[in-house]
Amino acid sequence: MANAIKMLQDDHNSFRMLCKQLPTIQNGAQDEEEKAAVQIVSILQTHATLEEELVYPVLAESHPDLVKHAEEEHAEAKAILAEIEEMGAGPGLRDVVLRLLESVEAHVAEEEETLFPLLTETLGVDGLEDLGRVMLGRQQELMQDAAETTGAAATGQPKNIYPKM
Ligand SMILES: [Fe+2]
Ligand SMILES: [Fe+2]
């Protein structure tokens, strides 16, 4: 079973859980902070790519303004992701991640309220299953790419703890 909405919703839930976790990490616990940041960046990058490549196009014709607005919000979030990627772990990371969370929180809520119901209306249950299967395949590819990037860091190449966008 790979329902597209369920997959997207699971990502949103993981993202929210990580958001709640971050402020509970003790100041100065850099490893944990870095781990949470890497997870947040990785989830968001994969999620945004799946939405842009496979989900938004479903509604691009019927709801162009909605899709354009969502893409603008992604662009805003990606600018902050790039900032995080550039600065890496250390002082200041928490503030930037919190700014990212603030920027993305409203976007995910909007998707759940508006975009997901439209997607269900447009595709129906079977269509959501089909889309979910395609998304799952693409998700695995993206995660594989990300793992290779992180693996390169471990083998002494220039350190890049964040997966490629
Ligand atoms: Fe989105
Ligand atoms: Fe989303």
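What should I look at first to understand the coordination of the iron ion (ligand 1) in this one?
Angles at a metal have ideal values that depend on geometry: 109.5 degrees with four tetrahedral donors, 90 or 180 degrees with six octahedral donors. Donor atoms from the polypeptide that coordinate the iron ion (ligand 1) comprise Glu51 (OE), Tyr56 (OH), His74 (NE2), His107 (NE2) and Glu111 (OE), at 2.0 to 2.5 Å from the metal. The exposure class assigned to Glu111 is buried, which follows from its relative accessible area of 3%.

What is the right way to read the coordination of the iron ion (ligand 2) from this model?
Here the iron ion (ligand 2) is held by His12 (NE2), His47 (NE2), Glu51 (OE) and Glu111 (OE), and the distances to it run 2.0 to 2.2 Å. The coordination sphere of the iron ion (ligand 2) comprises four donor atoms, whose angles at the metal cover 84 to 175°; the geometry is irregular. The sequence pattern formed by the donor residues of the iron ion (ligand 2) is H-x34-H-x3-E-x59-E. Taken as a pair, the iron ion (ligand 2) and the iron ion (ligand 1) show a spacing of 3.4 Å, with Glu51 coordinating each metal. Here His47 lies in helix 2 (residues 30–59) and His12 lies in helix 1 (residues 4–21), a separation of 35 residues in the sequence.

So what exactly am I meant to see when it comes to the nonpolar core here?
Within soluble globular proteins, side chains that are nonpolar tend to cluster in buried spots. With 21 residues, the main nonpolar core has Phe15, Ile40, Leu44, Ile84, Val97, Leu100 and Val104 as its most contacted residues. Elements supplying a minimum of two residues to this core: helix 1, helix 2, helix 3 (64–87) and helix 4 (93–154). Ranked by the residues each element gives to this core, the list is headed by helix 4, at seven residues. In terms of nonpolar packing, the next biggest core, distinct from the first, is built from 19 residues, Ile5, Val67, Phe116 and Leu119 among them.

Cut-offs used in this document
- Residues numbered from 1 in each chain as written.
- Chains lettered and ligands numbered in written order.
- Predicted model: local features only at pLDDT ≥ 70, side-chain atom pairs only at ≥ 80, totals over all residues.
- Heavy atoms only, no water.
- Donors = N, O, S within 2.8 Å, 3.2 Å for Na, K, Ca; no water.
- Buried < 20%, exposed > 50% of the residue type's maximum accessible area, 1.4 Å probe, protein only.
- Tetrahedral: all angles 85-135°; square planar, octahedral: opposite > 155°, others 65-115°.
- Helix = DSSP H or I, 4+ residues; strand = E, 2+ residues; numbered from the N terminus.
- Core = buried A, V, L, I, M, F, W, Y, C linked by side-chain atoms within 4.5 Å.

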